[in-house]
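Notes for the structure review
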Amino acid sequence: MFSIDNFIRPHLKSLKPYSSARDEFEGEASVYLDANENNLGSLAGGVDYNRYPDPYQKTIKEKLSKLKGVRPEQIFIGNGSDEAIDLLVRLVCEPGRDEVLLLPPTYGMYEVSANIHNIGIQRVPLDEHFQPVYEKIAEKHNEHTKILFLCSPNNPTGNILEPATVEKLIRSFNGLVVVDEAYIDFTDSPSWITRLDEFPNLMVMQTLSKAWGMAGLRLGMAFASPEIIGYLNKIKPPYNINVVTQELVSAALDKTAQLEDLLHVIIQERTRLVEAFAALSLIEKVYPSDANFVLVQVQNANELYAYLLDRGIVVRNRSTQPGCANCLRITIGTPAENDNLLESLNAYSAQ
């Protein structure tokens, strides 16, 4: 039976976390003279900006609990998903000894975080269909492999990882399996959040940066067992989510109907772009997408990328990633932006 206690770095088990003034007091008071705040107010003008934020984002977690079907104690809120990635690596990996397992091409911050903390990296490339190869992953796994990162839908390829293979990996991996679902809102595939209680070694990450349109607010979510979440809360900065972000996110979580409207437009435009790309001779392959972007293989990615830049259109050149030679990753824009893109691609073809 998996136990997170067996994977925590020994010195963190006994760590006494920073105790903020708000941690030590519960209830309502009429006078707050505990946290050395400016009780005269804030030059920023907000009603509560002179006060420190709720360190555990209780209001947001209560709303997410209902929206995601999990308990509040199964939710960690981070300054973007990157904070959850960073904290998890620090929590279980000993620098210079332990390692993480990555399946390229995939999201780059897993590798960056491991490098920052001097953690080893094992890589098992996805197959030609951008799917994990279980046997090859099993060969790379050893006693020092503490975290397996799976991105589904995957970035930069856009596809969902085969659920049966993901489940097999979760069941067999002796360590933490992180399923990064930053793009899950753009697909009909079920979230792995629904199976958290079944797999104690599973952590699922999501974000409000993509479908919810709040990239500038920097709020990421991690869902796992209360034990894993408890350790993350223990080592996180005391006030990692500011007051403004908490207020705006709380209000946005009440607008799920508007979220559906946004998703409808994005998915409709994704279908339009995929069909248009398939008709262009300069595009050699259009990869299936369950995300808010499409990966395409072209004849000369560097040349086309530069051409689009000259016309004021920024896409992502992913040609250096394994299996992505001459590939561009194109985000789904507004209908007008997509029209502009297609016009530029047609002009390039006509040269």
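You'll find the protein chain entered in an unreviewed UniProt entry as Histidinol-phosphate aminotransferase, with Rufibacter hautae given as the organism. Comment text from UniProt for the protein chain, heading Cofactor (unreviewed entry), reads "pyridoxal 5'-phosphate".

1. So, the UniProt feature "modified residue: N6-(pyridoxal phosphate)lysine" (unreviewed entry) in the protein chain
UniProt marks Lys210 with the feature "modified residue: N6-(pyridoxal phosphate)lysine" (unreviewed entry), using the numbering shown here. Aside from chain neighbours lying at most four places away, what touches lysine 210 is Ala182, Tyr183 and Phe186. A distance of 3.5 Å separates a polar atom in the side chain of lysine 210 from a polar atom in the side chain of tyrosine 183.

2. A short note on the pattern of salt bridges
Tallying each qualifying case throughout the model produces 17 salt bridges. Among the ionic pairs, aspartate 254 bridges to lysine 63, the shortest N-O distance being 2.9 Å. Of this pair, aspartate 254 sits in the loop between helix H8 (243-252) and helix H9 (256-278) while lysine 63 sits in helix H2 (residues 58-68); the two residues are 191 residues apart in sequence, bridging distant segments of the chain. Here arginine 90 makes a salt bridge to aspartate 86, at a shortest N to O gap of 2.7 Å. Taken as a pair, arginine 90 and aspartate 86 lie in helix H3 (residues 81-92) at a separation of 4 residues, close to a single helical turn. In this structure, a network of salt bridges that share partners links the residues Glu167, Arg171, Arg195 and Glu198.

3. As for the state of the cysteines
Taken as a whole and assessed by the stated rule, the structure comprises 0 disulfides. Unpaired in this structure, cysteine 151 has its nearest cysteine sulfur neighbour in cysteine 324, at a distance of 12 Å. Cysteine 151 gets classed as buried once you look at its relative accessible area, which sits at 3%.

4. Focus: unusual backbone geometry
Cis geometry is adopted by the peptide bond preceding proline 153, which originates at serine 152 and carries an omega value of -5°. Along the chain, the position of proline 153 falls in the loop between strand E4 (145-151) and helix H6 (163-172). Residue proline 156 is bonded to the preceding asparagine 155 through a cis peptide linkage, with omega at 25°. Here phenylalanine 130, not a glycine, exhibits a phi torsion of approximately 60°, which is positive.

5. Focus on the pairing of strand E11 (residues 327-331)
In terms of residue burial, E11 counts as a mostly covered element, since 4 of its 5 residues are buried. Of the pairings in the sheet, the one linking strand E9 (residues 293-298) to E11 comprises 5 bridges and is antiparallel in character. Opposite glutamine 297, over in E11, you have cysteine 327 as the bridge partner. Two elements, strand E10 (residues 316-317) and E11, share 2 bridges in a ladder whose sense is antiparallel. Paired with asparagine 317 across the two strands is leucine 328, which belongs to E11.

Criteria and thresholds
- Counting from 1, residues in each chain are numbered in the order their sequence is written.
- Per-residue local features are limited, in this predicted model, to residues with pLDDT of at least 70; the limit for side-chain atom pairs, both in listing and counting, is 80 or more; totals at the level of whole chains, interfaces and linings are taken over all residues.
- The side-chain quantities take in all heavy atoms of the structure and omit both hydrogens and water.
- UniProt positions are given in the numbering used here, feature names are shortened, and annotations may be inferred rather than shown by experiment.
- Contact between two residues is taken to exist if any of their heavy atoms lie within 4.5 Å; hydrogens are not considered.
- Any N or O atom pair separated by 3.5 Å or less is treated as a polar contact, with the protein-specific requirement of one donor-capable and one acceptor-capable atom, and with residues adjacent in sequence counted only for side-chain atom pairs.
- By definition here, a salt bridge exists when the distance from a side-chain nitrogen of Lys or Arg to a carboxyl oxygen of Asp or Glu is within 4 Å.
- Each helix corresponds to a stretch of at least 4 residues labelled H or I by DSSP, and each strand to a stretch of at least 2 residues labelled E; elements are numbered beginning at the N terminus.
- By convention in this document, the label disulfide applies to cysteine sulfur atom pairs within 2.5 Å.
- Remark: exposure states derive from per-residue accessible area (1.4 Å probe, protein chains only) relative to the maximum for the residue type, with buried under 20%, exposed over 50%, and partly exposed in between.
- One requirement defines pairing of two strands: DSSP has to find at least two bridges between them.

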